[in-house]
Every structure is written in structure tokens, then in C-alpha cells.
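Overview (structure and organization)
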Amino acid sequence: MAWDLPDVTLNLRVLDLIGIFAFSLSGALLAVRKRFDLLGVVVLGCVTAVGGGSIRDTLTGTVPPVYLRDETYLWVAILGAMSGFLFGPRLERFDRTLSVFDTLGLALFAVSGALGGITLGFGPLGVVFVGALSGVGGGVIRDVLAGEVPQVLYRRDQLYATAAACGALTVYLLHGQVSDLLGQLLGALVVIGLRWLSRRGRVRLPVRRLGDEGS
Amino acid sequence: MAWDLPDVTLNLRVLDLIGIFAFSLSGALLAVRKRFDLLGVVVLGCVTAVGGGSIRDTLTGTVPPVYLRDETYLWVAILGAMSGFLFGPRLERFDRTLSVFDTLGLALFAVSGALGGITLGFGPLGVVFVGALSGVGGGVIRDVLAGEVPQVLYRRDQLYATAAACGALTVYLLHGQVSDLLGQLLGALVVIGLRWLSRRGRVRLPVRRLGDEGS
Amino acid sequence: MAWDLPDVTLNLRVLDLIGIFAFSLSGALLAVRKRFDLLGVVVLGCVTAVGGGSIRDTLTGTVPPVYLRDETYLWVAILGAMSGFLFGPRLERFDRTLSVFDTLGLALFAVSGALGGITLGFGPLGVVFVGALSGVGGGVIRDVLAGEVPQVLYRRDQLYATAAACGALTVYLLHGQVSDLLGQLLGALVVIGLRWLSRRGRVRLPVRRLGDEGS
């Protein structure tokens, strides 16, 4: 059966595939550390990989999601998961590698989620919301399925959802100002840069504390 | 791009906005207690606020959800979250305030979910199911993202899902009997009343125990 | 209002209803062990029962899901949950009974999810993905709502997601080779057989370990 693919530009498709590979690898690495078996590693990798896109496509009414209609997506996810299974145990700096691929997936899905929202004519808040959720969705599903508490919101030393939201906002603000590809690259760089700065301890947001603060 | 909004009556919209404010405030209060940073508070508030509506709209096939097409919804959610961030730490009776707004959100989303089901011609069970899930959805997502075990089902001293189901059933039974607005108000009052009674310890449902019970 | 039901064949409907009964009973049994009250048992049973189908219908764009349009489904779910509430406490071999019904639900939803994917013209990976997610979805939602860590992926002595994926693959490979009903039965038997073998300790998949393994 031939599918009429929606307006998925080549750019968006390539970004998607890189993001899927990165997230799948991050899911597989976590699964290896948790001592899942081979298929558990592949499943956790794939679910992590398509989680963000599923949220994006559900919220924008694009069903069935593109990764179910085009087998390339799931092959890339399996490739990413197998890479994690094969090379994961040999990595010396395991946590750092996991974090790098996690950030890459976060950046690419935040950008592609923002693009999806812009295509549908959402306003700034809607675009940021879809972008942020698409970015963090894969990681949240990965952590919940692996039996870990999702770190999205409360690890405030890592600016996770914040970085995704800022990247999506960047894409929205640059839309129509610069070429689409440049806007997407800059949006992804904002996400990666904020994550990097927050890991260095250079960017923090204010916190409200309960009690003992006078009035 | 102009959107043809679905049959969202003014009543439904106002109920939705109040429910979104209440749930967003409840999410923000929990985030403040968990010491999330400013954007973490806003994100948890917003996700809690739109969680119930997302479930309702997904189950009833209304995508993209209305809150992505009409920016008012997300502004109200941000307003609720900022209120929680600003005033939360000064609240003396913190848990009680959290519970009041949680109940209000539960009541309004149970009612609007039931209305969505009635509009689509669902039968009584379908209406109750959509209403109950819409009501509890925001709170479950809030608790999972905040790293807490969702309390929906097993805190049997609080009749949470039960209250939402009874409120949705009330809306269903009164549909066509009284004016829509009156039916919605009575449905919401049933939810609030059951929650209040259960917190006073006056309403309990039977429990089956394992073992040591003779036959 | 009259609904035009999608191409749900009689076979698929009967399989669905048996799967719903089995999963609802499994959810109710867990709720009884957790000492939920009567309505908590019914709600957990129903949500477990429709979880797999909701994922299947959302991924394949069939909304509203069939169980909301045809009240039979929710009645069967309630019947399953009430059976768990009434008979659960008298079961001597409680965990074993829970596991049997869990496996039955897993098998039937993996098969019906695979059928849904085949109907939409998905390739082999898409079919396996939808089948596996539909199979494990109900159990994951049940475990998360009951405050348990979902056991889908990391209990590698039980081949849970693996069994669902293999069953879905069987349905895909046999499609067009044998009659639909026979293909579905064989797919379900593959799931049940793999689960049974894994519980006997006879089937394991390889695991990668970190550190101390030379190269």
C-alpha cells in the first residue's frame, strides 16, 4: 500500500533519523547498565527513539506516526540499539557517553517538534510546548520503563526541559527570518549549549524554598 | 492559519480554563515543594494542567488538542503556575491548599470529559470512562513526573477516581433532563462532595482482603 | 448516533473481548492484593483491559477507540474486574493465576495489534512494534498505576516483550500463507509458549555485562 507522506521535508527527515539513532543508543546504554537481555536492549532503545516523535505526531494529529509507515526509522533505531549493545560495555566513560547522545536526541526532537507546531500554525506557546514535550518524551518513557525516576524536571543542575523549551522558542523566533535549515541548526545549538553550560554549573534558574524565609 | 474550532461551547471553555488554572497551580505547588527551579515549576504546572484535556481529546479524536490551537489555555496555565511559584512558599496550610486545587481540577475535567463523551454519542460506560480518565489524568502525570507514586487508586481514604466517575455519571444521567450548565455544576458538586466526605472519613468502599478470612 | 465501525472482523472482536477479560482480571487481582477498594479494583481492571487497545488504536489512527463506541467492551472489562474482586481472595495459587491471565492478555493483544498494523499496510518492523506495544501496554499501565515498577523489560527470566514481539512477527509472516484465524491462533500460541518456556528457565537471551569482562 502506498502512503501519502505528509509534508516531511528532507531536512526534517534527516534530523529525525539522527535524533532516533541518538536516543536509541541512549536507551540501549541504559538497558545494558540495567542488565537487560538482548531484546530488552533493542526494545528499550526503539521505544526511547520513537517516544518523542510519537508525542509530537499525536499532539499534531499526524497518525499513524511516520516511523510506522516508513521502515527506515525503525531500522535506524535498531541500528542504534545494537550499537549500544555491542559497544556499550567497552565504554570507559559510560555516563558521559549516555549523556552526550541523550542531549543530541533532546536537541533534535525539540527542534522537529517545534517545526511540527509551526507547520500547523500554532502560536509561540503551542510551539514551545510541543517542542519541549517532543524533546523530553523519549527520555521520560525510557526512564519509567527502566524503573528509574524520570530526571526531566527535578535535576535542576541539568536544565533539561528548560533547554528543550529554549531551543523550540529559538526555532519559532527565527522562523521566516533566516532559512529553515539555519533556524533548526541554531535551535539545536541552543539546546546543546544550555545543557553544556548547566553541566558546568554556569546556568541556574531561581528556586523557591518553603518555610524559614521570613515572609 | 484559521482553525475551525470544534463544538466547544462557551460553558465548556470557561470550565476548562478554571480547571486548567487549578491543576496548574496544584502542579506548581508540588514542584515548589520538590524544589524545582522556575522553569521546572512552570513546566510541571502546564503539563498537569493540560494532561486531562490531552487524554480527553485523544480518546475523542479531537486533535490537535484545543489548548495548542488557542493560546489562551497555555497563558492561563502559566498564570496558574506562576501563582504557585510566587505564593506557594508563603502558604501556611500547604497540603490543604494543594488538595483544594487538585479537587477543583479533578471535578472540572471529569465533567468536561463526560461532556466530550456525550457529544460523541458514547453510552454510559464510555462517558464515565472518559470522564474519570480526563479527571485523574493530569494528577497522575504530575505525580509520575515529580517522582511520586500516583495516589489515584490506592489511597482509598480519598475516593479519587471514584469521585470523578460518579461526577461523570451524574452529568450523563442529567443530560437532557436539566439544562447543560446545571448538569455540569451538579456533576462537579458530586465530585467535590465525595472528596470532602472521604477526607472526613465518612465514605468508604468495601475492600477484599487476602487470606485469613474463613471462606 | 450510529457509528460506522471500522473493519473489525468478528474474529478480531472475539479475540479482543477475551483479551480484555483476561487483562481486566489480572488488573483486579493485583488491585485486590494491594487492598484497593471496590471501585479501585474495577478502575484498575478496566484501565489494564483497555490499555493495550488504546495504544494500538492511537498508533493506527483509529479514534475514538472501539471500546468507547461499543459498550460491550467495557461491560466485559467490568465483568472481569468483578470476577477478580469476588474470587481473587479465595485463590490459593494467587500469583500463578495472575500470571496466567496476564499471559493470555499479552498474547491476544500482541496478535490484534499486529493485525491492526497489517491492515494499515505497515512493514514487518512496524507490525512487530505495534504488536509488542499493544501486548505490553496494558500491563505497564497497570503496574505504574498500582505503584509497582513495570516488569516488562528487565525481568529477563520472563521474556515478556520478547514473547509479544515474536507473536506479532509470527502473525506477520503467516499473513496470506494460512487463513487469518489460524495465523492469529499460532501467533498467540507462540507468545504463550515462549512465556511458558521462559518461566521454566529454558529460554534466555544474551546479556551484556559492564566492566570486568576483558575486552
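Keep in mind that what you see is a predicted model, and the values were worked out from it rather than measured.

Counting from both sides, the interface comprises 35 residues of chain A and, opposite them, 35 residues of chain C. Of the roughly 2,900 Å² buried between chain A and chain C, counting both surfaces, carbon and sulfur atoms make up 72%. Of all residues in chain A, Arg35, Asp37 and Leu68 of chain A bury the most surface against chain C, accounting for 22% of the area lost on that side. At the boundary of chain A and chain C, one finds 0 salt bridges. Seen at the junction of chain A and chain C, the total is 3 residue pairs in polar contact (both at pLDDT 80 or more). With 9 residues, the single largest contributor to the side of chain A that touches chain C is helix H2 (residues 38-59) of chain A. The class makeup of the residues in the side of chain A that touches chain C is 25 nonpolar, 4 polar and 6 charged.

All right, on to the interface of chain A and chain B then. Contact residues are listed per partner, giving 35 residues for chain A and 35 residues for chain B. Of the roughly 2,900 Å² buried between chain A and chain B on both sides combined, carbon and sulfur atoms contribute 72%. For the interface between chain A and chain B, the tally reads 0 salt bridges. Counting across the interface, chain A meets chain B through 3 residue pairs in polar contact (both at pLDDT 80 or more). In terms of residues, the side of chain A that touches chain B owes the most to one element, helix H6 (residues 124-145) of chain A, which gives 8 residues. Per-class residue counts for the side of chain A that touches chain B are 21 nonpolar, 10 polar and 4 charged.

It is worth spelling out the pattern of salt bridges at this point. When the charged atoms of two side chains with opposite charge come close together, those side chains can pair. Residues and elements named next belong to chain B. Scanning the entire structure with this criterion turns up 12 salt bridges over all chains. For Arg142, the salt bridge goes to Asp102, with nearest N and O atoms at 2.9 Å. Here Arg142, found in helix H6 (residues 124-145), pairs with Asp102, found in helix H5 (residues 94-119); they are 40 residues apart in sequence, far enough to count as distant. Grouping residues by exposure puts Arg142 and Asp102 together as buried.

Moving on, we come to unusual backbone geometry. Residues and elements named next belong to chain B. Of note in this structure, Arg35 is not a glycine but carries a positive phi near 65 degrees. Of note, Arg35 is situated in the loop between helix H1 (10-33) and helix H2 (38-59). The class for Arg35 is partly exposed, based on a relative accessible area of 39%.

Chain-level statistics for chain A give a pLDDT mean of 82 and a share of 84% at 70 or above. Contacts of residues 1-8 of chain A to residues separated by more than four positions or lying in other chains number 13 contacts, the stretch itself having pLDDT below 50.

With that out of the way, let us pick up H2 of chain B. Residue and element names in this part refer to chain B. With 22 residues, H2 should cover 32 Å at 1.5 Å per step; its first-to-last C-alpha distance of 32 Å lies within 8% of that length. Counting buried residues in H2 gives 17 out of 22 residues, a clear majority hidden from the surface. Just downstream of H2 lies Gly61, where phi reads positive at about 70 degrees.

This part takes up a positive patch on the surface. Taken together, the side chains of Arg93, Arg96, Arg199 and Arg200 of chain A define a basic patch exposed on the protein surface. Take Arg200 of chain A: its relative accessible area is 47%, and that puts it in the partly exposed class.

Looking now at the side chain of Ser24 of chain A. Residues and elements named next belong to chain A. Among the secondary structure elements, Ser24 is positioned in helix H1 (residues 10-33). Ser24 sits in the buried class, given a relative accessible area of 0%. Ignoring sequence-local partners within four residues, the contact set of Ser24 consists of Gly45, Cys46, Ala49, Ala77, Gly80 and Ala81.

At an RMSD of 0.0 Å, chain A and chain B line up after a rotation of 120 degrees and a shift of 0.0 Å along the axis. Those values place the two copies in the arrangement expected of a three-fold rotation axis. Relative to the rotation axis, the closest C-alpha in chain A is found at Thr58 of chain A, a distance of 4.6 Å. In this assembly the copies use different faces: only 6% of the residues contributing to the interface of chain A also contribute to that of chain B.

Take H6 of chain B next. All names here are of chain B. With 22 residues, H6 extends 32 Å from end C-alpha to end C-alpha; this agrees with the ideal 32 Å at 1.5 Å per step. Of all the bends found along H6, the most pronounced is centred on Val136 and spans about 35 degrees. H6 sits mainly inside the fold: 19 of its 22 residues count as buried. Where H6 ends, the next residue or the one after it, Gly147, has phi of about 80 degrees, a positive value.

The rules we used
Note that residues are indexed from 1 along each chain, following the sequence as it is written. Ligands are numbered from 1 and chains lettered from A, in the order in which they are written. In keeping with the predicted nature of the model, local features appear solely for residues at pLDDT of at least 70, side-chain atom pairs appear and are counted solely at 80 or more, and the whole-chain, interface and lining totals rest on all residues. To obtain the side-chain values, all non-hydrogen atoms of the structure were used and water was disregarded. Throughout, a residue-residue contact means that at least one pair of heavy atoms, one from each residue, lies within 4.5 Å. Buried surface area refers to the total accessible area, computed with a probe of radius 1.4 Å, that the two partners give up upon joining, counted for both partners together. Salt bridge criterion: a side-chain nitrogen from Lys or Arg within 4 Å of a carboxyl oxygen from Asp or Glu. By the criterion applied in these results, polar contacts are pairs of N or O atoms within 3.5 Å in which, for protein atoms, one can donate a hydrogen and the other can accept it, and in which residues neighboring in sequence qualify only through two side-chain atoms. Counting from the N terminus, the helices are the DSSP runs of H or I reaching at least four residues and the strands are the DSSP runs of E reaching at least two. Following the grouping adopted for this structure description, the nonpolar residues are Ala, Val, Leu, Ile, Met, Phe, Trp, Tyr, Cys and Pro, the charged ones are Asp, Glu, Lys and Arg, and the polar ones are all others, Gly among them. The rule is simple: take the accessible area with a 1.4 Å probe, protein chains only, and divide by the maximum for that residue type; under 20% is buried, over 50% is exposed, in between is partly exposed. On a range of 0 to 100, pLDDT expresses the predictor's confidence in each residue. A helix is expected to span 1.5 Å multiplied by its residue count minus one. Residues qualify for a patch when their relative accessible area is over 30% and they have no salt bridge, like charges being joined within 9 Å and the nonpolar side chains of Val, Leu, Ile, Met, Phe, Trp and Tyr within 5 Å. Only the protein chains shown count as cover for residues, and all accessible areas are computed by the Shrake-Rupley method using a 1.4 Å probe. Charged residues are defined here as Lys and Arg on the positive side and Asp and Glu on the negative side; His and the ends of the chain fall outside this count. Where a charge lies is defined by one atom per residue type: Lys uses NZ, Arg uses CZ, Asp uses CG and Glu uses CD. Alignment of copies: least-squares fit on C-alpha atoms of residues with pLDDT of at least 70 in both copies. Here the bend at each residue means the angle between axes fitted to two seven-residue stretches, the one ending at that residue and the one beginning there.

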